[in-house]
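Below are the chains, spelled out letter by letter.
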Amino acid sequence: MEGAPCNESGNTPLHWAVQNQHDEVVRILLAKLDNVDVLIRNGFGKSVLTEGFAGKNQEILKMLLEHSSAAEDALMGVTGQGLKEEGLQAMNEGEEGEETEVAVTLAIGENDEATAAVVVHRLVLDKLEEPERVLQIREMEIKHADDPFGQAAAEDTTGLGVWPASLILARWLVIQHKELLDDATVVEVGCGCAVPGLAAALHGRPKVVHLTDLNPETLANAQENVQLNKESFLVPDTAARVHVTAMDWGNKASYPAGAIGSVDVVLGSDLVYQKSLGPLLSQVLLRLLRPGGKFLYVAPATGRDGLPEFLDMLSHGAGLTLVSEKEAGPELLANPLEGSRGTGEIEEDDGGVEMEDHPQQEAAERADESFFLHFHEMATQGVMYKLYEFEKQ
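Residues numbered from 1 in each chain as written. Predicted model: local features only at pLDDT ≥ 70, side-chain atom pairs only at ≥ 80, totals over all residues. Heavy atoms only, no water.

A.B. asks: Would you mind going over the overall build of the chain with me for this structure?
C.D. replies: The helix and strand tally for the chain stands at 14 helices and ten strands. Within the span of the chain, comprising 393 residues, buried residues form 50% of the whole. Here the analysis covers contacts within the chain between residues at least 6 apart in sequence; of these, 70% occur between residues at least 24 apart. For the chain, the exposed surface amounts to about 18100 Å²; the carbon and sulfur share of it is 49%. (Helix = DSSP H or I, 4+ residues; strand = E, 2+ residues; numbered from the N terminus. Buried < 20%, exposed > 50% of the residue type's maximum accessible area, 1.4 Å probe, protein only. Contact = heavy atoms within 4.5 Å. Areas by Shrake-Rupley, 256 points an atom, 1.4 Å probe, with all protein chains shown as cover.)

A.B. asks: Looking at this model, I keep getting lost on the pairing of strand β10 (residues 385–392). Mind explaining?
C.D. replies: Here β10 lies mainly inside the structure; seven of its eight residues are buried. In terms of strand pairing, strand β8 (residues 289–300) meets β10 through seven bridges, oriented antiparallel. Bridge assignment links Lys294 to a residue of β10, and that residue is Glu391. When strand β9 (residues 320–327) meets β10, the two strands line up antiparallel, connected through seven bridges. (Pairing = 2+ DSSP bridges.)

A.B. asks: Please clarify how the packing of aromatic side chains should be interpreted in this entry.
C.D. replies: Counted under the stated rule, the structure contains five aromatic pairs. Where Tyr297 meets Tyr388, the ring centres are 6.4 Å apart and the plane angle is 35°; that geometry is what we call tilted. You can see Tyr297 sitting in strand β8 and its partner Tyr388 sitting in strand β10, a full 91 residues away along the chain. Its relative accessible area of 3% is what places Tyr388 among the buried residues. Site record: aromatic cluster; members linked through ring pairs are Phe295, Tyr297, Phe310, Tyr388 and Phe390. (Phe/Tyr/Trp six-rings, centres within 6.5 Å; stacked < 30°, edge-to-face > 60°.)

A.B. asks: Quick question: what am I supposed to make of the packing of helix α10 (residues 277–288) against helix α11 (residues 307–316) here?
C.D. replies: Helix packing geometry: the angle between the two helix axes and the distance between the axes. Contact geometry for α10 and α11: axes closest at 9 Å, N-to-C directions at 35°. Where α10 crosses over α11, the two elements pack in a sense that is right-handed. Here Gly278, Pro279, Leu281, Ser282 and Leu285 of α10 lie close against α11, whose contacting residues are Phe310, Met313 and Leu314. Its residues placed into classes, the contact of α10 with α11 shows six nonpolar, two polar and no charged. (Axes fitted to C-alpha atoms, helices over the stretch in contact; angles between N-to-C directions. Left-handed = near helix turned anticlockwise from the far one by under 90°. Nonpolar A, V, L, I, M, F, W, Y, C, P; charged D, E, K, R; others polar.)

A.B. asks: It is not clear to me how α10 should be interpreted in this structure. Could you clarify?
C.D. replies: Along an α-helix, a turn takes 3.6 residues, which lines up residues three or four apart on a common side. Taking 1.5 Å of rise per residue, the twelve residues of α10 would be expected to cover 16 Å, and the 17 Å separating its terminal C-alpha atoms lies within 8% of that figure. Taken as a whole, α10 has its buried residues at Leu277, Gly278, Leu281, Ser282, Val284, Leu285 and Leu288. In a view along the axis of α10, the buried residues occupy a sector of 155°, so they form one face of it. Against the buried residues of α10 lie β4 (185–188), β7 (263–269), β8 and α11. (Expected span 1.5 Å × (residues − 1). Arc of directions from axis to C-beta.)

A.B. asks: Please clarify how the nonpolar core should be interpreted in this entry.
C.D. replies: When a protein is soluble and globular, its nonpolar side chains tend to lie buried together. Of all hydrophobic cores here, the largest spans 46 residues; its most connected members are Leu135, Ile168 and Leu198. For this core, the leading source of residues is helix α7 (residues 164–176), giving eight residues. Apart from the residues within four sequence positions on either side, Leu135 is in contact with His121, Arg122, Leu123, Leu125, Val195, Leu198, Ala199, Leu202 and Asn229. With 26 residues, the next largest nonpolar core counts Trp249, Leu281, Leu285 and Ala318 among its residues. (Core = buried A, V, L, I, M, F, W, Y, C linked by side-chain atoms within 4.5 Å.)

A.B. asks: What's the story with the environment of Thr185 in this structure? I'm lost.
C.D. replies: Note that Thr185 resides in strand β4. It is 5.0 Å that separates the C-alpha atoms of Thr185 and Val208, two residues lying 23 residues apart in sequence. Those residues in contact with Thr185 that sit more than four places away from it in its chain are Lys207, Val208, His210, Ser262, Val263, Asp264 and Val265.

A.B. asks: How should the pattern of salt bridges be read in this particular structure?
C.D. replies: Note that side chains of opposite charge can pair when their charged atoms are close. Enumeration over the complete set of coordinates arrives at eleven salt bridges. The partner of Glu59 in a salt bridge is Arg27, and the shortest N-O contact between them spans 3.4 Å. Placement of the pair is Glu59 in helix α4 (residues 58–66) and Arg27 in helix α2 (residues 23–32), with a sequence separation of 32 residues. By relative accessible area, which is 36% here, Glu59 ends up partly exposed. Since its relative accessible area comes to 33%, Arg27 is described here as partly exposed. A single network of salt bridges, built from pairs that share partners, joins Glu24, Arg27 and Glu59. (Salt bridge = Lys/Arg side-chain N within 4 Å of Asp/Glu carboxyl O.)

A.B. asks: Looking at this structure, I do not really get the side chain of Ser340. What am I missing?
C.D. replies: Mapped onto the fold, Ser340 is located in the loop between α12 (330–333) and α13 (359–374). You can call Ser340 buried: its relative accessible area is 10%. One polar contact links the side chain of Ser340 to the main-chain carbonyl oxygen of Asn335, over a distance of 3.0 Å. Among residues more than four places away in sequence, those in contact with Ser340 are Lys127, Asn335, Ala364, Ala367 and Asp368. (Polar contact = N/O pair within 3.5 Å; in protein donor to acceptor, adjacent residues only side chain to side chain.)

A.B. asks: Can you walk me through unusual backbone geometry in this structure?
C.D. replies: Excluding glycine, residues mostly carry a negative phi; peptide bonds, for their part, are mostly trans. Despite not being glycine, Ala194 has its phi angle at roughly 70°, a positive value. Note on placement: Ala194 falls in the loop between β4 and α8 (195–203). By relative accessible area, Ala194 is classed as buried at 0%. With a phi angle near 50°, Gln381 is a residue other than glycine that sits in the positive phi range. As for its position among the elements, Gln381 is in the loop between α14 (376–380) and β10.

A.B. asks: What is the right way to read the confidence of the model for the chain from this model?
C.D. replies: When pLDDT is low, close inspection of the predicted coordinates is not appropriate. The pLDDT averaged across the chain works out to 81; a share of 79% of its residues lies at or above 70. Per-residue pLDDT stays below 50 along residues 72–115; that stretch engages in 78 contacts with residues further than four places along the chain or on separate chains. (pLDDT = per-residue confidence, 0-100.)

A.B. asks: Explain α4 here, please?
C.D. replies: Taken as a whole, α4 has its buried residues at Ile60, Leu61, Met63 and Leu64. The buried side chains of α4 occupy one side of the element, clustering within an arc of 160° when seen end-on. Along α4, exposed side chains directed more than 90 degrees from the buried face belong to Gln58 and Glu66.

What follows is the structure, given as C-alpha cells:
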C-alpha cells in the first residue's frame with residue numbers, strides 16, 4: 001500500500017495484521033484500503049506475502065494470493081527485479097545478482113510490447129550429497145493458455161513450463177538412481193524444459209543425452225537450458241554429447257540417430273493425459289530401449305485419463321516389467337530451489353535458539369515463497385505423485 005503509514009521497522013498495518021495472524025483485520029484492510037500492495041517490503045526486506053508464508057495461516061495466505069497486487073505478472077516482476085535479455089547474458093557470463101534471489105524474471109523480444117515472461121530457476125537437486133551443484137532451468141509463459149495442447153502434437157506449448165513431475169523425476173534420478181547414468185545412452189521423451197535430462201548431465205557421467213520434444217518453441221527453450229548449464233556438467237565434454245532433437249513419436253525417422261534399440265535409460269514425466277497417448281508412448285519405449293534398459297516415469301497418481309491403461313499396457317504389451325511402484329516421499333517433494341533449507345533442517349545459533357532475520361533465513365523464506373507460487377502442488381503436497389520403474393525384458 002504505497003504511502004501507507006509504517007512504524008520504525010517499515011511495517012505497514014497489513015504487515016502487522018499478517019504477522020499477528022488477525023484474519024479479519026487482514027480481510028478488512030485488503031477490502032477497504034486503497035493502493036494495497038502485498039508485495040511491499042518492510043525494513044527487513046520482507047513483503048506482506050513473505051510474512052504470510054512464514055505464518056502458515058492458510059486462510060490469510062489465500063486472501064493475500066487472491067489479491068490483485070499478487071497477480072502473476074506482478075509477482076514475476078518483483079521476483080526478477082525486471083531484468084531484460086541482457087540479464088540472461090550477464091548470468092551466462094557469470095555475473096551474480098543478490099544472494100537471496102531464487103528466480104530471475106526476464107523478457108525476450110525486440111520491444112516491450114512483444115515480450116514474453118521468462119523465469120530462470122536455480123535448483124539444487126541433491127542438497128545432502130552435492131549441495132554445490134546448481135541446475136539452471138528457464139521456463140517461459142505457456143502460449144495459448146485457452147488451448148495449450150493445440151490441434152496437433154507440434155502445437156503443444158505446455159512444455160514451455162516446468163511441471164512438478166519433472167522436478168520429482170530429476171531428484172529421484174539424481175538421489176536414488178545415479179548409477180544408471182554411468183556411460184549410458186539417455187533419452188528424455190517429451191522433455192519440455194528438460195529438467196530430468198539436464199540433471200542427468202549435471203550429476204552423472206552419461207555417454208549421450210537426447211532431449212526430445214516436438215514443439216519448436218519448446219525445443220528452442222530446451223536448447224537455451226543446455227547453454228545455461230553446459231559449463232557446469234560433471235564431465236566437461238558432456239556438453240558436446242547433449243542433443244536437442246525434434247522427435248515425432250509416430251515417425252521412427254525422427255528418432256535420435258542410433259537410438260533405436262540401444263537406449264539404456266528413458267526418462268518421462270506426466271506424459272499421458274489422454275487415452276490416445278498411451279499406445280503411442282508404449283510403442284516408443286519398445287523401439288528405443290535395449291534389453292535390460294530402464295524407463296523411469298513420474299506422474300500424478302490420479303487425474304490423468306489413460307494412465308492406468310498405459311501402465312498396464314507396458315507390462316502386457318510393450319515387453320516391460322514393472323520393477324517398482326511407490327509414492328514420492330518428502331525427500332523428493334521438498335523445495336529444490338537454491339537457498340531453501342533441506343528437509344527437516346533447523347537454523348539455530350550457538351545457544352540452540354532458532355535464528356531470526358539471518359541472511360540464510362531470509363533466503364529460505366524467499367525460496368519457500370517462490371516454491372509455493374511456481375510449484376503449488378509440491379509445496380502443499382496436495383497431489384500424490386507416483387514413481388514407476390520399468391525394465392525391458
